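# Structure assessment
So you can see what is in the structure, the chains are spelled out below.
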Amino acid sequence: MSAYEDVIQRRFGDGGPSGEGAVENDFIRRVISRKTVRRYSDVIPGEGLLDLLVAAALSTSAKSDFQQASILRVSDPTQRAAIGKLFPGMPWIGLSPVFFVFLGDARRLQRIGELRGKPVRNGTLEGFFNASVDAALAMQTMILCAESAGLGVCPISVIRNEIDAVAAILGLPDLVFPVAGLCLGYPQTDGYVSLRLPRGVTTHRDRYDDSALPHAIDDYDRRRDALHAIPKEQQRSNAEFGDAAFYGWSEDKARQAAKAEGAAFPPYLRSHGFSFD
């Protein structure tokens, strides 16, 4: 029996590879078993640990060594409350013991060019993309390191939906933008392992092939519904799309994506230094 069969089955339940023959690695087991945590104890993680997590996050890979991620810790109670007030349906944003914002920072490289007398225009699509990826990699590294230290986390991408207000609260200059926030603290309650899409849908070899998508998604919807059914009162946009007799993951995500989020984000970026040339 594979050392990972139980955690892989819990995560995917797709009957796919179970890591047969791989040597047991506790870190890999923890990664496959990871959970999102939204309720935290009152214990504040120590400053030394938080400094260590920031150091780990900033040690992640960076495109061309440009290092275009920045991390902003929001510790001022007034700022935390102001951000939390923007998202009343997510009280953990204002209540988590620690809240970081991971920033795509295209500004720093452009300023370095100015300091060295070199013309750097970093408000391009490439600059935006590189800074976004750097910030995302830094956040994921912090997530995994925090969880290895017994902490729980919850990424907060919704802050981009209120970009103008969030940027004003945080005092963000041109060419610096939030990729996501991160709630962090010691878990008060155990989360749950979210069932992921079957790997036959999300992994490919030699060429991209999604010909089996319809059947695979239907099967996934049924298996996920059996574990974590979406209550009828949580169906989205029923006035527009109607009540669904069966409301699975794919129906929920299709409805969510059909109602575009973050409409203010592109105009904000264009008015703060990005041309996307």
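In short, a report on the structure. (Residues numbered from 1 in each chain as written. Predicted model: local features only at pLDDT ≥ 70, side-chain atom pairs only at ≥ 80, totals over all residues. Heavy atoms only, no water.)

## A few points about the environment of Leu 95
Going by this rule: Numbering of helices and strands runs from the N terminus; a helix is a DSSP stretch of H or I covering at least four residues, while a strand is a stretch of E covering at least two.
Residue position: Leu 95 is located in helix α5 (residues 92-95). C-alpha separation for the pair Leu 95 and Ala 149, spaced 54 residues apart in sequence, amounts to 20 Å.

## With respect to the packing of helix α3 (residues 47-57) against helix α7 (residues 125-148)
For the record, the criterion: Helix axes are fitted to C-alpha atoms over the stretch in contact, other axes to C-alpha atoms as well, and angles between N-to-C directions run from 0 to 180 degrees. Roughly parallel here means an angle under 35 degrees, roughly antiparallel means over 145, roughly perpendicular means 65 to 115, and every remaining angle is called oblique. Each crossing gets its handedness from the near helix: less than a right angle anticlockwise from the far helix is left-handed, clockwise is right-handed. Any two residues whose heavy atoms approach within 4.5 Å are treated as being in contact. Only Asp, Glu, Lys and Arg are considered charged, only Ala, Val, Leu, Ile, Met, Phe, Trp, Tyr, Cys and Pro nonpolar, and every remaining residue, Gly among them, polar.
Direction vectors running N to C along α3 and α7 enclose 135°, while the axes themselves pass 8 Å from each other. When the interaxial angle is binned, α3 and α7 end up oblique. When you trace α3 past α7, the crossing you get is right-handed. Residues Leu 53, Val 54, Ala 56 and Ala 57 of α3 touch α7, and the partners they reach there are Ala 138, Thr 141, Met 142, Cys 145 and Ala 146. Taken together, the residues of the contact of α3 with α7 break down into 8 nonpolar, 1 polar and no charged.

## Thoughts on the environment of Leu 151
Under the convention used in this document: Whether a residue is buried, partly exposed or exposed follows from its accessible area with a 1.4 Å probe, protein chains only, as a fraction of its type maximum: under 20%, in between, or over 50%, in that order.
Relative to the helices and strands, Leu 151 is located in the loop between α7 and β3 (152-156). Using a relative accessible area of 4% as the deciding quantity, one classes Leu 151 as buried. Leu 151 sits 25 residues away from Glu 126 along the chain, and the two C-alpha atoms are 34 Å apart. If sequence neighbours within four positions are ignored, Leu 151 has contacts with Pro 45, Leu 49, Leu 53, Ala 146, Leu 184, Gly 185, Tyr 186 and Pro 187.

## Description of the pattern of salt bridges
Threshold: A side-chain nitrogen of Lys or Arg and a carboxyl oxygen of Asp or Glu constitute a salt bridge if their distance falls within 4 Å.
If you walk through the whole model with that rule in mind, you get 16 salt bridges. Linking Arg 199 and Asp 14 is a salt bridge whose minimum nitrogen-to-oxygen distance equals 2.8 Å. Residue Arg 199 is found in helix α9 (residues 199-202), and its partner Asp 14 is found in the loop between α1 (5-11) and α2 (26-32); the two are separated by 185 residues along the sequence. We classify Arg 199 as buried; its relative accessible area is 15%. A salt bridge links Lys 259 to Glu 240; the shortest N-O distance between them is 2.8 Å. In this pair, Lys 259 is assigned in the loop between α12 (249-258) and α13 (265-270) and Glu 240 in helix α11 (residues 238-241), connecting sequence segments 19 residues apart. Here Lys 259 falls in the partly exposed class, since its relative accessible area comes to 40%. Via salt bridges that share partners, Asp 6, Glu 24 and Arg 29 belong to a single interconnected network.

## A few points about a nonpolar patch on the surface
To keep things clear, this is the line we draw: By definition, no residue in a patch forms a salt bridge, and every one has over 30% relative accessible area; like charges are joined within 9 Å, nonpolar side chains (Val, Leu, Ile, Met, Phe, Trp, Tyr) within 5 Å. Only the protein chains shown count as cover for residues, and all accessible areas are computed by the Shrake-Rupley method using a 1.4 Å probe.
Among the surface-exposed residues, Phe 129, Val 133 and Leu 137 lie close enough to one another that they form a single nonpolar patch of about 250 Å² accessible area. Along the chain, the position of Phe 129 falls in helix α7.

## Some thoughts on the sheet that holds strand β4 (residues 176-185)
We apply this condition: A pair of strands is labelled paired if DSSP reports no fewer than 2 bridges between them.
Here 4 strands make up an open sheet; going across it, the order is β1-β2-β4-β3 and the pairing antiparallel. Only two strands of the sheet have a single neighbouring strand rather than two, namely β1 (69-73) and β3. Ignoring which end each strand starts from, the neighbouring axes of this sheet average 25° apart. Sheet analysis places β1 next to strand β2 (residues 98-105), joined by 5 bridges and oriented antiparallel. Its bridge partner being in β2, Ser 70 is matched across the sheet by Leu 103. Along the sheet, α7 contacts β1, β2, β3 and β4; its crossing angle with β4, the most-contacted strand, is approximately 5°.

Honestly, that's just the spatial picture; any functional story needs more than this.
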